[in-house]
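# Architecture and fold: a report
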Amino acid sequence: MARNNTFFILIACIWLLPFASIQFLPFGIPLYPLEIALLVSSPFLFPLEIGKIFRVPIVRKVALSSLLLFFGVLISYMSHPSTLTGLGQMKSFFFFPMVFWLVMTPFLGTRIRRERVFWHLRQMFALVALSALGSGLFQGLTYDHRLSAWFDSPNLLAMFLVPGAILWGAQILSGERVRVSELLSWFVVNGTLLLTQSYGALMSVLIALVFYMWISREYLFRRQLLVKAAVGLLVISGCIFVNSRQGFEKLDALIQGNERSSFSSREMIWRSALKMVQDSPLTGIGPARFQSVYLEYQRFYPPYLEWAVPHPHNLLLAIWLSSGIVGVCASIWLCVSLFYALKRVPIKKEKALLGALFLGVFVSGLLDVPYFRAEFCFVFWLELALLTGVFLERHQD
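Model, not experiment: these values are computed from the prediction.

Attention now moves to helix α6 (residues 111-139). Over its 29 residues, α6 extends 41 Å from the first C-alpha to the last, a length consistent with the 42 Å expected when each residue adds 1.5 Å. Downstream of α6 by one or two residues, Gly-140 has phi in the positive range, about 85 degrees.

Okay, structure coming up:
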């Protein structure tokens, strides 16, 4: 009964992900929905179950690297002028997501439960994509003709949908019989992703699905379906961009090397971030301080294209600046542990799907930061819990 209660809490957290960045102030303390869910349900999260998982080697490695990462963030926070925003980032982007991984791993030790989690994730992402399309229909697009829905920017919506596009793509590729509802969901998620015009997100989905096909060998048996999927993707693209020159403005600026293109802006941000790393390689600049410090460094790299820059548009740089060299080493250790763990996942399709999800994070992290937002970091640690659940099942067997 207790295990069922905890699994229900996990499913509830999945459906709370679209609202994860809504802030509440109970007793004057800023908390997000997933944090509140974890606090309220803490009586059901039994420590006896948690203690058993540390017998699994990959769990110990993830726990130690996570602890080291949090320690790096703490050192960086204490080494620079402290702010309440920085303390809030430590709480919301590191402490609670790590606790979430820790308490959910014991309840993902069966393949049936992991499949149920994947099912709920797919449905949640499809519903978010459909809602985003409806929002764009009634509220319109951004000034540069991109879909952002209720997210602060189109790139944030795109990064949130990347795991959904990978999950639905893998479902279409691996399903023996593709239902009409599944095909429609796949169209909706990819159509919404295309409307964001986020090339980094599209590239990460494409690379992740190629990886999935390569590992699972689905392409050997699903050639006709792949052709249909390719045609469908072309149809979606055509519906969005045909006879709409405005849809190509961002691409034109990128190809022509316009100084106002998104890549030129990122290049300037990367130069500033690299100089910050050079000036403070050991402790970084502290969590939640990039915006203010960036304004001091950007003057070295004219023209002054961007003012509001909350992160350095690169996952490695963001972690280094927020947690210093200790956090970077912990993150590299975590990634290496994930790589070796994925190689030992016994079921080929599960290995391919989990690997594609992590690859999507790392590829999109080259041009953006798919972590420092409540929904992003919880999705990452949920994926990590699914992976460690595989090895917990092997250990139990």
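There is more to say after this.
The tally for this structure, following the rule as stated, stands at 18 aromatic pairs. Look at Tyr-371 and Phe-380: their rings are 6.1 Å apart centre to centre, the planes differ by 80 degrees, and that puts the pair in the edge-to-face class. In this pair, the class of Tyr-371 matches that of Phe-380, namely buried. Taken together, the aromatic side chains of Phe-93, Phe-94, Trp-101, Phe-358, Tyr-371, Phe-372, Phe-380 and Trp-381 make up a single cluster linked through ring pairs.

On inspection of all chains with the given rule, the structure shows eight salt bridges. Linking Arg-266 and Asp-368 is a salt bridge whose minimum nitrogen-to-oxygen distance equals 3.0 Å. With Arg-266 in helix α12 (residues 262-279) and Asp-368 in the loop between α15 (348-364) and α16 (374-396), this pair connects stretches of sequence that are 102 residues apart. With a relative accessible area of 10%, Arg-266 lands in the buried category. Assessed through its relative accessible area of 6%, Asp-368 is described here as buried. With a shortest N-O distance of 3.0 Å, Arg-373 and Glu-375 are connected by a salt bridge. This pair shows no difference in class: Arg-373 is buried, exactly as Glu-375 is. Here the salt bridges do not stand alone but share partners, grouping Arg-114, Glu-350 and Glu-393 into one network.

The rules behind these values
Residues numbered from 1 in each chain as written. Predicted model: local features only at pLDDT ≥ 70, side-chain atom pairs only at ≥ 80, totals over all residues. Heavy atoms only, no water. Helix = DSSP H or I, 4+ residues; strand = E, 2+ residues; numbered from the N terminus. Expected span 1.5 Å × (residues − 1). Phe/Tyr/Trp six-rings, centres within 6.5 Å; stacked < 30°, edge-to-face > 60°. Buried < 20%, exposed > 50% of the residue type's maximum accessible area, 1.4 Å probe, protein only. Salt bridge = Lys/Arg side-chain N within 4 Å of Asp/Glu carboxyl O.

Function cannot be inferred from these measures alone, as they are strictly geometric.
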